[in-house]
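This is what each chain is made of:
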Amino acid sequence: MHVQTLKTHSRIEMIDITGSVREIVKKSGVKSGFCVVYVPHTTAAVTINENADSSVKRDIISKLSQLIPENDNYTHLEGNSDAHVKSSLVGVNVVIPVDSGDLVLGTWQGIYFCEFDGPRTRKFVVQIVGD
Ligand code: ZN
């Protein structure tokens, strides 16, 4: 299991982690199997989406913020309920096939760490299963 630390810089942000996940897969020596990327936080998430046009990232963030506003009739006293809801909706894990020792991703796909209550120091976990 690999634990990677990253720093986020805004309250809401999507950070491309494809390069570091790919490096961990290559170093593992696993040729065929699965790569699980998992986020051990309740106000962050991980997703796979377009890595070519950064306006997709901006649209995802702005639509999520519109659907789940920061201030609403929430009861959670910590004041970050929107971030908890966003984390559950987006999800805290992705599974990517590994073939020929590399991630099987589409041409336009990237793996994104999603910060919903930053800036903070965060972690994600990469677990590779296979041989
Ligand atoms: Zn909270």
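The coordinates are above.
Residues numbered from 1 in each chain as written. Predicted model: local features only at pLDDT ≥ 70, side-chain atom pairs only at ≥ 80, totals over all residues. Heavy atoms only, no water.

Asks: Give me the lowdown on the overall build of the protein, citing residues and values where you can.
Replies: When helices and strands are counted, the protein shows 3 helices and 8 strands. Counting helices and strands in the order they occur from the N terminus, the protein gives β-β-α-β-β-α-α-β-β-β-β. Since a compact globule built from 131 residues should have a radius of gyration of about 14 Å, the 15 Å found for the protein is in line with a globular shape. Projected onto its principal axes, the C-alpha positions of the protein cover 50 × 30 × 20 Å. Counting over 131 residues, the protein shows a buried share of 38%. Here the contacts in the protein between residues at least 6 apart in sequence split such that 83% fall between residues at least 24 apart. Surface exposure of the protein reaches about 7200 Å², of which carbon and sulfur atoms provide 51%. Across the protein, the mean location of the 13 positive side-chain charges is 4 Å away from that of the 15 negative side-chain charges. (Helix = DSSP H or I, 4+ residues; strand = E, 2+ residues; numbered from the N terminus. Rg over C-alpha atoms; globule rule 2.2 N^0.38 Å. Buried < 20%, exposed > 50% of the residue type's maximum accessible area, 1.4 Å probe, protein only. Contact = heavy atoms within 4.5 Å. Areas by Shrake-Rupley, 256 points an atom, 1.4 Å probe, with all protein chains shown as cover. Lys, Arg positive; Asp, Glu negative; His and termini not counted. Charge placed at Lys NZ, Arg CZ, Asp CG, Glu CD.)

Asks: Give a detailed account of the coordination of the zinc ion, specifying residues and quantitative values.
Replies: The protein atoms donating to the zinc ion are His76 (NE2), Glu78 (OE), Asn80 (OD1) and His84 (NE2), with metal-donor distances spanning 1.9 to 2.2 Å. Around the zinc ion, the 4 donor atoms sit at angles spanning 91 to 148 degrees, and that spread fits a shape best called irregular. In the primary structure, the donors to the zinc ion are separated according to the pattern H-x1-E-x1-N-x3-H. For asparagine 80, a relative accessible area of 3% gives the class buried. Owing to a relative accessible area of 24%, histidine 84 belongs among the partly exposed residues under this scheme. (Donors = N, O, S within 2.8 Å, 3.2 Å for Na, K, Ca; no water. Tetrahedral: all angles 85-135°; square planar, octahedral: opposite > 155°, others 65-115°.)

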